[in-house]
Amino acid sequence: MTGSINTNPTLWQYAKTAGYRTVFIDAQAGGITNPGLLQNFMSMTEKADIDRFHAIRDVASDQADMRLAAIVAEELKAGGPVFIYANKNGAHFPYDDAYPADKARYHPTMTEAGNNSLDSRVASYRNALAWSVDDFMDRLFASAGLANTTLVYTSDHAQNLDPRGITHCQVENPDPRMALVPLLVATDDAELRAGLEAS
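Report on the accompanying structure. (Residues numbered from 1 in each chain as written. Predicted model: local features only at pLDDT ≥ 70, side-chain atom pairs only at ≥ 80, totals over all residues. Heavy atoms only, no water.)

A look at unusual backbone geometry
- Omega for the peptide link from Phe93 to Pro94 comes to 0°, which places this bond in the cis form.
- For the bond from His107 to Pro108, the omega torsion is -5°, close enough to zero to count as cis.
- Inspection of the secondary structure puts Pro108 in the loop between strand 3 (82-87) and helix 4 (110-113).
- At Asn148, a position not held by glycine, the phi torsion is positive, near 60°.
- Mapped onto the secondary structure, Asn148 falls in the loop between helix 5 (118-143) and strand 4 (150-154).
- In this model, Asn173 sits at a positive phi of 45°, which is unusual for a non-glycine residue.
- Tracing the backbone through its elements, the reader meets Asn173 in the loop between strand 4 and strand 5 (183-187).
- For Asn173, a relative accessible area of 73% corresponds to the exposed category. (Helix = DSSP H or I, 4+ residues; strand = E, 2+ residues; numbered from the N terminus. Buried < 20%, exposed > 50% of the residue type's maximum accessible area, 1.4 Å probe, protein only.)

Here it is, written out as structure tokens:
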């Protein structure tokens, strides 16, 4: 329904009504230039329902997600029911900016090859994923107390790795792989886990 975003409750309002403290962490804020530090059509009205708003702007792009993991751990330690929505920096093009050079596992990267071939793009993307997903999850699970916590992990888009096209958000005739995103859930709630596994 057109305009429903202006009249329906937000995710934050649902969480607050359910008794949760609300936290938003934006690890993509380093690239935002507007004074409100808002993106993805978030409004100041919506922001008013967020108890803690973290805009990560003071770290290099390849460290933004690791800072996000640290903030999640801090917010969970604060105690009480909390709903945290974290917008990771993730694996965006140019992929070699998304991970530290010394963490490259796959070669040749685009930087090493000096080109944007399919092989070098795939190597760089795999390195970005290894850092921003695998290493991020290792850090998060090691540092955050996740007892009595449900973690839902997904993405807003996938990637087209063909160097002849744009990487994501193509509107006309998009590569279907741009819609292939992960959906992972971790929880120690046995009843919730059983329900999720059954579905």
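Past the structure itself, the notes keep going.
Notes on the nonpolar core
- Formed by 29 residues in total, the largest nonpolar core has its most connected members in Ile25, Ile56, Leu68, Phe136 and Leu140.
- Every element with two or more residues in this core is listed here: strand 1 (21-26), helix 3 (64-77) and helix 5.
- In terms of residue count, the dominant contributor to this core is helix 3 (eight residues).
- With near-sequence residues (within four places) excluded, Leu140 lies in contact with Ala69, Val72 and Leu151. (Core = buried A, V, L, I, M, F, W, Y, C linked by side-chain atoms within 4.5 Å. Contact = heavy atoms within 4.5 Å.)

Looking at helix 3
- Along its 14 residues, helix 3 runs 20 Å from first to last C-alpha, staying within 8% of the 20 Å computed at 1.5 Å per residue.
- The buried fraction of helix 3 amounts to 10 of the 14 residues, a majority that puts the element mostly inside the structure.
- Those residues of helix 3 not exposed but buried are Ala64, Asp65, Met66, Leu68, Ala69, Ile71, Val72, Ala73, Glu75 and Leu76.
- Elements that come into contact with the buried residues of helix 3 comprise strand 1, strand 2 (52-55), strand 3 and helix 5. (Expected span 1.5 Å × (residues − 1).)

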